Structures are given as structure tokens and as C-alpha cells.
There are 2 protein chains.
Amino acid sequence: MQDKIYRVNLEDLTAKIEDVPDNLMYLGGRGITSAITADEVELMCHPLGKKNKLIFAPGLLSGTSAANTGRLSAGAKSPLTKAIKESNSGGTAAQLFAKTGVKALVVEGIPQDKNTWYGIRVSPGNIEIEKTDLKGKGNFEVIETLTKDNPKVGVITIGSAGEMKMSAANLSVKDPGGKIRSLGRGGLGAVMGSKNIKYIVIDPKDSKSVYVKDPEKFKEAAKKFAKTLTDHPVSGEGLPTYGTNILTNVLHEAGGLPTNNFSSGQFEGHEAISGEKMNELIEKRGGKVKHGCHAGCVIQCSQVYNDKDGNYVTSGFEYETIWANGANCGIDDIDALAYADHLMDDIGIDTIETGAAVAVAMEAGVLEFGDAKGLVNIIENEIAKGTPLGRIIGAGAETTGRVFGVTRVPVVKGQAMPAYDPRAVKGMGVTYATSTMGADHTAGYCVTSNILNVGGASDPLKKDGQVELSRNLQIATASLDTAGLCIFTAFAILDNDKAMEAIVDMLNARFGTALSADDIMDIGASVLKTEREFNQKAGFTEKDDRLPEFFADEKFPPHDTVWDFTDQEIDEFWNF
Amino acid sequence: MQDKIYRVNLEDLTAKIEDVPDNLMYLGGRGITSAITADEVELMCHPLGKKNKLIFAPGLLSGTSAANTGRLSAGAKSPLTKAIKESNSGGTAAQLFAKTGVKALVVEGIPQDKNTWYGIRVSPGNIEIEKTDLKGKGNFEVIETLTKDNPKVGVITIGSAGEMKMSAANLSVKDPGGKIRSLGRGGLGAVMGSKNIKYIVIDPKDSKSVYVKDPEKFKEAAKKFAKTLTDHPVSGEGLPTYGTNILTNVLHEAGGLPTNNFSSGQFEGHEAISGEKMNELIEKRGGKVKHGCHAGCVIQCSQVYNDKDGNYVTSGFEYETIWANGANCGIDDIDALAYADHLMDDIGIDTIETGAAVAVAMEAGVLEFGDAKGLVNIIENEIAKGTPLGRIIGAGAETTGRVFGVTRVPVVKGQAMPAYDPRAVKGMGVTYATSTMGADHTAGYCVTSNILNVGGASDPLKKDGQVELSRNLQIATASLDTAGLCIFTAFAILDNDKAMEAIVDMLNARFGTALSADDIMDIGASVLKTEREFNQKAGFTEKDDRLPEFFADEKFPPHDTVWDFTDQEIDEFWNF
């Protein structure tokens, strides 16, 4: 079966299926979403208007038997940053899209009738728009409803945040257990909401796998690849045991854990919200320590977290979520954070942007640092209900700062910084500054050599080599995001040559190509350049590649370092 | 007495008085505020942070006996637009600054102690910072308190909006009757609030006038100038009788009166809020039809508007205010608008930005178009009290649109458009797009020849000649703003050569220079270029000189015209 581009247009409620043009043939994931956004979305359009498009694409290797290749990319012009946006997650949708033969799904236009909500159903050779009365329902209920008759279908959905077009609204994807993985920082949920789309159902019917040109060669390479992942201490041991939240204690020790709205790098309450504590509670309460977000995951960094009575609260309880709403808000109540995570999954709102916005509101005195009940109340009673305060927070950290007159607002291109202070993990600062996505840790995860000594070691407090490190990682990440590979495969790739060899072999076996590792890196570089060109044509300049002034002006305890890159040093990033 | 630059630094609570450097010697008003902002304010600083500066300057002719020369300019990096900002108004401050020998007052830094509020007192050769307990008081009470012992001093003050650092907060200046004139669109009140400055008192002591090199020549030119103003039908008759609100019916007739958030060019309720109706009510209720905002004004476009019982409600009840909160919100209750104007004066918030933001909130369904009580309630109980909704509206139309997910948001560079739809008064659209200030009607008032047939006639619905018209007017306006001349002197200048001759003679008589009319226009052109250079260095590009897409996409009734300038046509503006 030949992959196709599936399209729906909400303006006239039409759908069509198109051949894949040559220039997209060997792109997937972020490579495709960014290419289509750059080609088809009017640069200066309002992100919530009829000229924006929302694009979904599985990676090049998604749907195969290879480990950790089930990432789904979504892209559009971002309502939060007004720049190009790609974001990806696990869940079952990417593999099901691939099996359905969907190279990309493009959602265009806005319905004439603003009061009718729709769902989209995709199956091999078929795409339909249907009316729905699920508007107003939480993501968990939507997934439950849509999978009642057929638990195997994939679901992408938005909650009330997306319906209300909040700039921090994200997309929820059904995971193998019927729970939720999230993608779409930068308000991709609001883009879906602006089109009155509540959900997308993906049903591959009888299609069991994707076409692979040389199955034997593929199988061999896939086996080799999986072994590199399980052999690596981070992806084979640390992440499976403690999840991404292994990083709370690590970053606290390194003095790079942003606390109380980026005021300090160490949080007194770090132990109480750490991966070690989480592991202990999960064991005690009968949760699951290891859990995969998609079939074929051999890392299993997710988990199932139960409450004191042993009832399910959340899964995919990530370090970034725990940091943003925990340390960064001065909150050390892990059960409150788990409940907040559950609520944010149900509402469909980005946990990083939300925590960062709440911390800015705390700085403004709207509530106190450390107020766990206040945090939960804002999510449950303000954001979910769309009160003015809820809408402020839901519009993200930059808007919250604007509304409350706060000057210490940790954003780049309007997007809140994740869980690594740029003064104490300087490589991450370079990534925040230069990423086409706004502040995004996944764009070029310099924590690898800055903190974890993966792919070599570099001093996180010094500028030396950080621009080059971020550049290399951002290029490599754009390649991984195009292939549909989980970012945590990077640990093996950086430390073990066999991992990259295996990826090259898998891609060539799948498509019958003769790509080299360099060719694959060239794809990543080209994706970045496409994205940057979009941004520049939309009015972004090097001045948008800057951190807020307080990072240069305020010494960051405990190391008392500042952000000290010159503009010229940062602008070197794009010399490739 | 030699004019000096007066400076205060709130960080260390010091003050100093400096000689005027050569490059500022023949600049005043906007020429000085923009030059100092460009020279001294760090381009990428947070507008509410310690690196921004707030600059006040009287015009070159302010403080002389010449008619309509009492404009005060204030400048800074704008919290609303993040671009350079200058805004000016009447009131008594400019003339008193000039008589005190203040070429410019520069307010720098932010106090260490965030809880202490200050006032600044300026008198000849002296400048002091004093603690105050007037924080929390309305502008009217502040002025009353500060002038109790000496009604002759000038006062500049901020209300609660400025204290709360709202991006729409403006500055209030005492007028000759102890009431208020407003300046500082773009959040200059928030900049003053960020520095914990509640007020500035200007006391010229015994100084009665400014130095004029050739008093006889000056007197003669000033007499000639005043006659050109009173001879012109607009400044001699229309404005004195009906105030600026003469424009409500004029713009309705022209189909360019933005109604219900820029949805139509005609407002059914126009008669009820017109200048003609206002004139009738003022006469009936014992108000004042003519009223000057500063000594020496021969136009007297202000008025005193009383309520049904003959009690004072507001003065300087402007067309822009009546339009923004009236037609643009679908409200035809002129007494509600007068009360709203009074409240906004007391709170210290820009009436244009506020009305535009409320209309965007109406589009979002927060309240209904036409809801006069709702409008008053938002101002009185939300903005004044700093509730979340009040802070959203107080952050301006763009933020209101962001928070509520509205796509039809009429702003350029983040600042709301004033009372002329760019599709029906295309010259104004060019000014909105290109002004260094964001959408600003005063920057280049093309209504002159587009609507009023002043300075020639041009078809407001056609593109022909509009870019050139806006360019010429923006250059001329920058010159007027530097001289301290009221913008309404432009009617005479455009139609009567004697007006410009007189201005040239007055400037040369005041300073002993030999400037030509061309030299004076060159100053205006140079001010614009200084401002644009600041913006460009701060990351603005030609993409920021664009109107929101809905002006191109939606036909505007009754003429069903759209905004149809190409990017190239707009970018031609800066070719001078």
C-alpha cells in the first residue's frame, strides 16, 4: 500500500486523499509537518484563523517493528509563539497512522457554523468528517467513548483548553492502556479547537504493518538497535526504574533545578517529589514502575501512579510536569502534583507552560509559592471552567506576565522554559535561545553531556563548546523527530556507534534507499533551516533568539552564575 | 536662564541637573524624548524593568506666548508595543516645565524597596524625590491634594492602572481648571508605576516665561500664527463648537466609523453620541461648549460636560473616547460614555485601548455589544480593582484577544487602532501600519484630505497617493510634536502658507536661528528615522508594518472595501 496525504477542509467540510509529492517522499514526522507548514501556511496568518493548518505525521520508521519508533508529530503555526511549531509524543496514533497508510493528515479551514463540532475518522483509503456531541467532555471520557466498540483504534483529542483556544492547550493521544500521552506545546490544541475538531479516530482496519522493502535486513538492524537501547545505563536502567523524574534529584544536585520561578537552582523539597520517592510510592501503592507509551518501547520510562488508596491517578508523570508545577512553584506535595497532572491531561493543557504561568502568577502575588491547593484550584476551577484567571494562565507564562506586570518571565519566543536553568545548564540555554520552537528542551537536549556525561562531558556552568553542542544535538534531534524515534534513543546514539548504524540500516531496509549517516543528519539540518526560514519570513530576527534580561542580570544560586553569552556567540549557532 | 536636563534615579534615589548636550539643543518634545530613548534605553530591556527610562519634555515653543504650543511629550520603550513610544497632550505641565527651565526630565531606575512610593518635585535649579502616601488614590484626588496650597503648580500623575502596571495605563496632566488631560498610550503610565512614582509636581516659582531671543519678531509671528488658526473653518469653527466629536457624524456619513469591533462603518446610534447631540446637552445642562486644555489655546476643542443634574462629569470628552467605548462597543448612551470617560481619567487608563479591548471581549462573548452598564462595570469594578478580567482588559486589545482566543483583533504592533477603519479611510490605514508607535491616529492624520478636504482632497476608499500623504503628514507631525504644537494647528498649516511661515519665524525668533521650513521638516524626518532605527535594532521588521489579516479578508460595509495594499506598497513608505 502506497502512503498518501489525507486532507480535510472544515470550511466546506470536504476531504480528499492525495499522492505524496516527491519532495515529501523520504520525510516523516517533523520533517513533513514542518515542510507542509512552510509550504502551505500563510506566513502572517492568525494562528487561530482559517489560513492556519494543523498537520499530523507519523515518523519514517513508525509502524514498523523497530523499538521506540512510535512518535507522532503535529505541526502548525503556533498561537503561543507565532512561529512554526512541531511537537511530538508517543501513544498509539503514529503507528496506527502508518499502518493506515497516512503519510500525513492535513486539517484545513474553519467551519462556517461556529457552533457545530466535528470529529475526523481515518481508515485505509477513507477519510470522513462527522458531527459530534462530545464537545465539553474531558479527554479521558472522549477516549473511552470512542474506543468502547473498538479498543484498537487510535484517538487524538482536545479537552476544554483546546475548545477555549487557550495558547497552552495541547493534544492528547491515546496510549496502549487507554490513557493519555500529550503533545503540542505552543497551543496546537487551540489550533484544533479553532477548527471545531474535537477528535480524530484512526482505524487501520485489517492493515497490520507497514511496507518494508527488505524485511530481513530490517529485522536484523532493529534487533541490533534495541540492544543498544537496553545496554545503555540511562535508557536501559535509569529511565525504566525512576522515569524521567530521575532528574529531580540530579538537577537539584547540579544546582540547575529552577525553583520559585527561576530564583534558585536548588529546591528544599526536592526529595519529596523525586523519582526515588515516586518509585517508592508506586511500589507501595501497587502502581507500575515500568510502562511504555507505545508498542515496541524497550525503555519504558512511563509508569502508573496510584493514590494512597491504590486508585489510578496518572501515567507518564514526567519530570518536566513535576518540576514546572513542583519546584518551580515551590510545591513539594507529590500527590497534589499527580492529581494536577491528571487534571491537565483531562483538560488538555501543557503542563510545562501551565506550571510556568502559575509560578509567574505566584511572583505577582496572585497566590503564594508552595500553595499546592491553590495550584490544583487554578487548574480545576479556573482553567477548566475558563474563568478570566483560568484563561490568563491558559494563555501561558508570557501573557500571565503581561497581565500582571511581572518582569521575571522565563520565556523565549513566547514559550516558557522547561526544567533546566540556562545559567546553570548553559547548553540548554543555547537551545532555548536558538530553537525555532521557542524554549524547548527536546529540541537539543544538552543535559546529555552538560549533566549526564552522555556523549562526552562538558561543564554546564561554562560557555565553552555549548553552541556547537546545541547545534549538533538540534540537528540530530530534527533527524530523530523525522524518523519517528523517541528522543531517549539519543543516549545510545551518542555513546554507541552501533545505534546510528542500525538506524541507517533500518531506514534503508524500509525504503530501499542507500542513505548514509551523514545523509540522515543532512535531513535534520535541512528541517531546521526550513523552520528558520519560515520564522524569518514571518518577521522573526536574531533578536528573537535572546533570553529575557533577568538571566543576565541576576546571579543564580547556588553557583551564582549568570547568562553571559554575547549576541555574536549565540548567532554563531546558525552558521551551518 | 539656560534650559537643563533634569534627572532622577530611583535605584539610589539620587537626582541631578545637567547641561543640554549640543545634539539636543534644538530639539524639544518628541524630538527629545525619542532621541534620549534611542540613545539611553537598552534596546531589548523589559519595558517595566530597571533599564527603561521615562522621559518628559515640553516642545520647543512651549512656555512662550504663542497659541497652541503647550504640548507635553512623554517617551519610553512601550510595555504595550515593545517599540519606542512618544505620546503628547495639553494640560499645564509643558508650559510650566519650560518656564522652570526643564528641557527634559529623565526618570531612571527602579527603587530597591518595592513598597515605597515616591513623588518628584521640580523647580528652577532643583529636583527632589519625596515619599508619598498617595498610592491608591485616584488622579482627581491626587491633583486636588497636590495643588491645595498652590493651584499654580503643574501635576503629572498616574492612577490605579499605572500602579498595577497595566499596558494600557496612561499619564494624567492637570489642566488649567484642575481637571485632567491624558497622554501616554502604549502604557507610559505603567512605566511610571514600575518606578513607584505616583506624581510629578512642577513649580516654576517666580519664573514667568521662557527666554526669547527676539521678542518683537516673536510677538508678530505669534499673532500671525494665531490668526491662521482662528481663520480656518475646522480649527476656527468646527472644533470649538462641537469638539473633536464633530467627527462621529462625519465618519458615520463617510462609512468609516468602526462599529461593533470593526464590523461595519456605520453605527445606528451615531446621532445619540454625536458632537451635535453633545453640544445640545452641554448647552441645556449648563456645561461649557468651549474649553482650552492649556493657556493660549485659541481652538478650544475641549468642553465641560455635565450630567442631567448639572454636575460636572468630564472635560476633554473626545471623539476617540466616544467612538472606542461607543460605536465600537455598539453603545449609544452618551451619559454612560461620559461617566466611563470620567472613570478612565481617574484610573488613568487609555480610553482608546480600553474601548478596543472591551469590544474584543464583546466579540468573545464576555459581554454583549451595546451593554453600556457592562462597560461601566468593567471599568469601575474590574479594571479599577485589578480583578483578573480588569487586568486582561487593562493589558489592551491584543492581550484580550490572546486570552479569549479572538482572531479579529484590530491592532498594529500591539496597539489598538483608533476611530477610523483602514478599509474606508485608507490613508489612516497606512499610518496605522507604518507608524513607529503602533496604530496611532495622531502620527499622520490622513483624515485631513481623506475626509475633511483639508490640504487637498483624496478618495478615502482608494489607495492612490495615500502612502505619500501619510509620509508627508507623519514627517510634518513629528516636527509639530517637536515644536510642542497642537496637532490641530495642522489644518491651518495645510491650507494656509502663512501658518508655516509664522512657525518658522517663531522658532527663529525664540532661538536666534535661521531655520527654513525645509529645515523644520528635516527635523521631523530625522525624528521618524531615529524612532524606526530603535525599533529595527530591537527586532522589528517590515512584517510589523502590517494590518491583521481580517482587514484584507472581510469586506467592510457600507462600501464593501477591503485593505488591499501590497507589502511592497506599504514598504515604500520608508523610502525617504
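Residues numbered from 1 in each chain as written. Chains lettered and ligands numbered in written order. Predicted model: local features only at pLDDT ≥ 70, side-chain atom pairs only at ≥ 80, totals over all residues. Heavy atoms only, no water.

Quick word on the side chain of S274(A)
Point 1. Counting through the fold element by element, S274(A) comes out in the loop between helix 8 (247-254) and helix 9 (275-285).
Point 2. For S274(A), the contacting residues outside a window of four places in its chain are N245(A), T248(A), N249(A) and I334(A). (Helix = DSSP H or I, 4+ residues; strand = E, 2+ residues; numbered from the N terminus. Contact = heavy atoms within 4.5 Å.)

Description of the packing of aromatic side chains
Point 1. Tallied over the full model, the rule gives 24 aromatic pairs over all chains.
Point 2. A centroid spacing of 6.2 Å and a plane angle of 90 degrees characterise the contact between F573(A) and F576(A), whose relative ring orientation is edge-to-face.
Point 3. Ring centres of F262(B) and F551(B) lie 5.8 Å apart, and the angle between their planes is 90 degrees; this geometry places the pair in the edge-to-face category. Here the residue F262(B) occupies a position in the loop between helix 8 (247-254) and helix 9 (275-285), and F551(B) occupies one in helix 22 (residues 550-553), the gap between them amounting to 289 residues.
Point 4. Residue F551(B) is classed as buried on the basis of its relative accessible area, which comes to 0%. (Phe/Tyr/Trp six-rings, centres within 6.5 Å; stacked < 30°, edge-to-face > 60°. Buried < 20%, exposed > 50% of the residue type's maximum accessible area, 1.4 Å probe, protein only.)

Section: the interface of chain A and chain B
Interface extent is often summarised as the accessible area lost during association of the parts.
Point 1. Every contact between the two is made by 33 residues of chain A and, on the other side, 32 residues of chain B.
Point 2. Taken over both partners, the interface formed by chain A and chain B buries close to 2,900 Å², and the fraction arising from carbon and sulfur atoms is 53%.
Point 3. Of all residues in chain A, the largest losses of buried area upon contact with chain B belong to R402(A), K543(A) and E549(A), amounting jointly to 24% of the total for that side.
Point 4. At the surface where chain A touches chain B, the tally comes to 4 salt bridges.
Point 5. Of the charged contacts in the structure, one is a salt bridge between K51(A) and E549(B), with a shortest N-O distance of 3.6 Å.
Point 6. At the boundary of chain A with chain B, the tally comes to 10 residue pairs in polar contact (both at pLDDT 80 or more).
Point 7. Every element with two or more residues in the side of chain A that touches chain B is listed here: helix 14 (388-394) and helix 15 (397-404) of chain A.
Point 8. Per element, the largest residue contribution to the side of chain A that touches chain B is 5 residues, and it comes from helix 15 of chain A. (Buried area = accessible area lost by both parts, 1.4 Å probe. Salt bridge = Lys/Arg side-chain N within 4 Å of Asp/Glu carboxyl O. Polar contact = N/O pair within 3.5 Å; in protein donor to acceptor, adjacent residues only side chain to side chain.)

Let's talk about the sheet that holds strand 13 (residues 288-291) of chain A
Residue and element names in this part refer to chain A.
Point 1. Ordered by their spatial adjacency, 3 strands build an open sheet running 13-14-15, and the pairing between neighbours is antiparallel. Two strands lie at the open edges of the sheet, namely strand 13 and strand 15 (312-315), each paired on one side alone. Averaged over all adjacent pairs, the angle separating strand axes in this sheet is 25 degrees, with direction ignored.
Point 2. Across the sheet, helix 9 lies against strand 13 and strand 14 (302-306), angled at about 60 degrees from strand 14, the strand it touches most.
Point 3. Sheet strands in contact with helix 11 (residues 334-347) are strand 14 and strand 15, and its direction is about 75 degrees off that of strand 15. (Pairing = 2+ DSSP bridges. Axes fitted to C-alpha atoms, helices over the stretch in contact; angles between N-to-C directions.)

Regarding the nonpolar core
Point 1. Ranked by size, the top nonpolar core spans 217 residues in total, and within it Y305(A), W323(A), Y420(A), Y305(B), W323(B) and Y420(B) carry the most contacts.
Point 2. In this structure Y305(B) touches M278(B), L281(B), I282(B), R285(B), N311(B), Y312(B), V313(B), T314(B), F317(B), I334(B), D335(B) and A338(B), once residues within four positions along its chain are discounted. (Core = buried A, V, L, I, M, F, W, Y, C linked by side-chain atoms within 4.5 Å.)

Side note on the environment of L171(B)
Residue and element names in this part refer to chain B.
Point 1. Take L171: it is sitting in strand 10 (residues 171-174).
Point 2. Note on L171: relative accessible area 0%, which makes it buried.
Point 3. Placed 13 residues apart in sequence, L171 and I158 show a C-alpha to C-alpha distance of 5.4 Å.
Point 4. In this view, L171 contacts F56, A74, I156, T157, I158, R181, S182, L183, L188, G189 and M192; residues no more than four positions away in its chain are not counted.

A few points about the relation of the copies chain A and chain B
Point 1. Between chain A and chain B, which share one sequence, the superposing operator has a rotation angle of 180 degrees and an axial displacement of 0.0 Å; the RMSD is 0.0 Å. The two molecules are tied by a two-fold rotation axis, judged by turn and shift. Within chain A, P388(A) has its C-alpha nearest the rotation axis, a separation of 2.8 Å.
Point 2. A symmetric contact is evident, with 97% of the interface residues of chain A recurring at the interface of chain B. (Least-squares fit on C-alpha atoms with pLDDT ≥ 70 in both.)

Notes on helix 8 of chain A
Point 1. Of the residues making up helix 8 of chain A, those classed as buried are L247(A), T248(A), N249(A), L251(A) and H252(A).
Point 2. Backbone geometry just after helix 8 of chain A places G255(A) at a positive phi near 70 degrees.

Things to note about the confidence of the model for chain A
Point 1. Residues of chain A with pLDDT of at least 70 account for 100%, and the chain-wide mean is 97.
Point 2. For this predicted complex, the interface confidence comes out at an ipTM of 0.97, alongside a pTM of 0.98. (pLDDT = per-residue confidence, 0-100.)

What to know about empty space enclosed by the protein
Residues and elements named next belong to chain B.
Point 1. Enumeration according to the criterion identifies 10 cavities of 30 Å³ or more in this entry.
Point 2. Lining the largest cavity, in full, are K413, T434, S435, T436, R532, N535, Q536, F540, T541, E542, D545 and W574.
Point 3. Looking at the lining of the largest cavity residue by residue, the classes come out as 2 nonpolar, 6 polar and 4 charged. (1 Å grid on protein atoms, 1.4 Å probe; cavity = no way out; pocket = protein on both sides within 12 Å on 5 of 7 lines; lining within 4 Å. Points joined across faces, edges and corners; volume = space filled by probe spheres on them. Nonpolar A, V, L, I, M, F, W, Y, C, P; charged D, E, K, R; others polar.)

A few points about the pattern of salt bridges
Point 1. Tallying each qualifying case throughout the model produces 68 salt bridges over all chains.
Point 2. Of the charged contacts in the structure, one is a salt bridge between D231(B) and K227(B), with a shortest N-O distance of 2.8 Å. Of this pair, D231(B) and K227(B) both sit in helix 6 (residues 215-231), 4 residues apart, which is roughly one turn of the helix.
Point 3. A salt bridge links E363(B) to R408(B), with the nearest nitrogen and oxygen atoms 2.8 Å apart. Taken together, the residues span a long stretch of sequence, with E363(B) in helix 12 (residues 351-363) and R408(B) in the loop between helix 15 (397-404) and strand 16 (411-412) at a distance of 45 residues.
Point 4. The partly exposed category is assigned to E363(B), whose relative accessible area is 30%.
Point 5. A network of salt bridges, in which partner residues are shared, links R7(A), K16(A), E18(A), E40(A), K53(A) and E108(A).

A few points about the sheet that holds strand 13 (residues 288-291) of chain B
Residue and element names in this part refer to chain B.
Point 1. Taken together, the 3 strands give an open sheet; going across it, the order is 13-14-15, and neighbouring strands pair in antiparallel fashion. Strands at the two margins of the open sheet, each flanked by one partner only, are strand 13 and strand 15 (312-315). Averaged over all pairs of adjacent strands, the angle between strand axes in this sheet comes to 25 degrees, irrespective of strand direction.
Point 2. Bridge count between strand 13 and strand 14 (residues 302-306): 2 bridges; the pairing is antiparallel. Bridge pairing links H291 to S302 in strand 14.
Point 3. The sheet contacts of helix 9 involve strand 13 and strand 14, and relative to strand 14 the element is tilted by about 60 degrees.

Structural notes on the pairing of strand 4 (residues 72-77) of chain B
Walk down a regular strand and you will see the side chains alternate between the two sheet faces.
Residues and elements named next belong to chain B.
Point 1. Counting buried residues along strand 4, 6 of its 6 residues qualify, which places the element largely inside the surrounding structure.
Point 2. Taking every second residue as pointing to the same face, both faces of strand 4 are buried, with L72, A74 and A76 on one and S73, G75 and K77 on the other.
Point 3. Two elements, strand 3 (residues 53-58) and strand 4, share 4 bridges in a ladder whose sense is antiparallel. Its bridge partner lying in strand 4, A57 is registered against S73.
Point 4. With 6 bridges connecting them, strand 4 and strand 5 (residues 84-89) associate as antiparallel partners. Residue pairing in the sheet places A76 in a bridge with K85 of strand 5.

Things to note about unusual backbone geometry
Residue and element names in this part refer to chain A.
Point 1. A cis geometry characterises the amide bond from P557 onward to P558, with omega recorded as 5 degrees.
Point 2. Even without a glycine there, the phi angle at N68 is positive, about 55 degrees.
Point 3. Tracing the backbone shows N68 in the loop between strand 3 (53-58) and strand 4 (72-77).
Point 4. Judged by its relative accessible area of 0%, N68 is buried.

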